[in-house]
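In case you want the letters, here they are:
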Amino acid sequence: MKENIIFNVGGLSDYLKSTSINYELQTDIVEGVRKNSMALRLSPHVLQLIDWQNVTTDPIRKQFLPLLSEYLPSHPQLRIDSLSEKNSQVAPGILHRYPNKVLFLLGTSCATYCAFCTRSYLVGPNTQALTKDHLFKSSTANIDILINYLEENIHVNDIVVSGGDIAVVDIEIINLLLTKLLTIKSLKTIRLATRTLLFAPSLLLPNTPLFDTIVKHNEKFKHRNIELSIQCHFNHANEISIESQKISISLWQSGVTIRNQTVLLDGVNSTIDAQEKLIRKLIDSNIHPYYVYQMDMVDNAEHFRTNLETCIYISKNLTGMFTGFQLPKFIVDLPDGGGKRSVYEYEFYDKKYGIYGFTSPIISGDKIYYYCDPLRYLDPNIEKEWYQKRSISKLYD
Ligand SMILES: *Cc1c(COP(=O)(O)O)cnc(C)c1O
Ligand code: SF4
């Protein structure tokens, strides 16, 4: 299958020539890729999901092949590691921010790279636009360190294993990790994060090594009263293919819970209708709609970001439309390491400058964390002022 994966501009150009799109658009795509902070890697499955007849508006194309003409200047508050994850790193790949849960980054590769990736500082190969932070090297030694850490911190009962995508990690490593996690008595839940259901369902269909490993370990964890679950990532109903559904339904029938996280992306899923269709299809696929994230401030991805009002508006209009537990929570993950908050929980909103203030008592008492709207939603004079002063303290001086 490897020959069908597109991982360089030459391969992409050849592919684009085989579609019906015009030369200007082909150039816009290729130049967009050169500017991307995320490496080019397109699985055959993703390519086939794109509607090349309507490629300019296609919600899947937008996520993986941003046009040069779509990019917008960064917000002055942009930080490459926008959630300050590095500050939460307690050991290689172990992020410990909340009291009872840890996030373990098992690898840094994915089957396809999303242009809006929050972990763009770390995930995938270097690009012309961004040199990645080699925060840790994935290795079995990291797993031993994780196990020691969990043994020493028995108040941690929840682990999210992410990356990168766990599905592109060697199956032996996944087996090793799950086998060792079985020995941790304090654990209550283990979540495995993957976008494979969209990118490369053939890696996770029933009877594949990955599917079998998950189901086999799920049985063992169930005996220990521990929940093993899958955390997937769909942003648009078009992404949920027949193969994706085959995986999710089979996993669910084998007793594995699957929860979905969505990122709110301008022009991709930023309408009530798009979110409603996505949620309905997730429910039909036995996937629990868990979170919808307000898009973080990510390098070279400002055009994906809506303002927070859009997120709140969509959330309000969906409330009551679904069974209560099937309605996703709308979340903003605060810059600077404030953590996840409900979008409704802000302490103040300065509409003039597009600044929201949140507190995060569990993480840092009364400290105010700021979330800033994209400048294109503000008055042009205020936008200018932002570019001149560049920081919240100077604006409020
Ligand atoms: C998101 C996240 C988690 C998991 O959070 P939930 O709200 O329980 O899904 C854990 N650790 C870190 C650092 C996170 O960013
Ligand atoms: S699958 Fe997740 S980690 Fe990988 S590029 Fe996309 S958002 Fe980033």
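Preceding this section is the structure that the text describes.
Each value, and the rule that gives it
Residues numbered from 1 in each chain as written. Chains lettered and ligands numbered in written order. Predicted model: local features only at pLDDT ≥ 70, side-chain atom pairs only at ≥ 80, totals over all residues. Heavy atoms only, no water. Axes fitted to C-alpha atoms, helices over the stretch in contact; angles between N-to-C directions. Helix = DSSP H or I, 4+ residues; strand = E, 2+ residues; numbered from the N terminus. Parallel < 35°, antiparallel > 145°, perpendicular 65-115°, else oblique. Left-handed = near helix turned anticlockwise from the far one by under 90°. Contact = heavy atoms within 4.5 Å. Nonpolar A, V, L, I, M, F, W, Y, C, P; charged D, E, K, R; others polar. Expected span 1.5 Å × (residues − 1). Buried < 20%, exposed > 50% of the residue type's maximum accessible area, 1.4 Å probe, protein only. Arc of directions from axis to C-beta. Core = buried A, V, L, I, M, F, W, Y, C linked by side-chain atoms within 4.5 Å. Domains from an automatic or database assignment. Salt bridge = Lys/Arg side-chain N within 4 Å of Asp/Glu carboxyl O. Polar contact = N/O pair within 3.5 Å; in protein donor to acceptor, adjacent residues only side chain to side chain. Pairing = 2+ DSSP bridges.

A. Local environment of the packing of helix H1 (residues 9-17) against helix H2 (residues 23-35). At a minimum axis separation of 10 Å, H1 and H2 run at an interaxial angle of 160 degrees. It follows from the interaxial angle that H1 and H2 lie roughly antiparallel. In this structure, the crossing between H1 and H2 has a hand that is right-handed. Along the contact surface, H1 presents Val9, Leu12, Ser13, Leu16 and Lys17, while H2 presents Gln26, Ile29, Val30, Val33 and Arg34. Considering only residue class, the contact of H1 with H2 consists of six nonpolar, two polar and two charged.

B. Layout of helix H10 (residues 272-284). Look at H10: 18 Å from first C-alpha to last across 13 residues, which is about the 18 Å you get at 1.5 Å a residue. Of all the positions in H10, only Ala274, Gln275, Leu278, Ile279 and Leu282 are classed as buried. For H10, the arc enclosing every buried residue in end-on projection is 125 degrees, short of the 170-degree limit, so these residues lie on one face. Packed against the buried residues of H10 are strand S7 (257-263), strand S8 (288-293) and helix H11 (308-318). Of the residues flanking the end of H10, it is Asn286, one or two places downstream, whose phi is positive at about 60 degrees.

C. Fine view of the nonpolar core. Formed by 85 residues in total, the largest nonpolar core has its most connected members in Leu12, Ile159 and Leu181. A domain-level breakdown of this core finds at least three residues from each of domain 1 (2-69) and domain 2 (85-340).

D. Structural detail: the pattern of salt bridges. Following the criterion strictly, the structure yields 16 salt bridges and no others. Glu70 is the salt-bridge partner of Arg61, the closest N and O atoms lying 3.0 Å from each other. For the pair Arg61 and Glu70, one class covers both residues: buried. Of the charged contacts in the structure, one is a salt bridge between Arg376 and Asp266, with a shortest N-O distance of 3.0 Å. In this pair, Arg376 is assigned in the loop between strand S13 (369-372) and helix H13 (380-389) and Asp266 in the loop between S7 and H10, connecting sequence segments 110 residues apart.

E. The arrangement of the side chain of Ser391 in detail. Structurally, the position occupied by Ser391 is in the loop between H13 and helix H14 (392-395). Here the side chain of Ser391 touches Ser393 through a polar contact of 3.3 Å, side chain to side chain. Beyond its immediate stretch of four places on either side in the chain, Ser391 contacts Gln77 and Trp386.

F. Region of interest: the sheet that holds S13. Strand order in the open sheet formed by three strands is S11-S12-S13, with antiparallel pairing between adjacent strands. In this open sheet, the two edge strands, each paired with only one partner strand, are strand S11 (348-350) and S13. Mean inter-strand twist for the sheet, computed between neighbouring axes without regard to direction, equals 20 degrees. Sheet topology note: the strand S12 (residues 355-358)/S13 ladder contains four bridges and is antiparallel.

Limitation: the analysis is restricted to geometry and does not speak to function.
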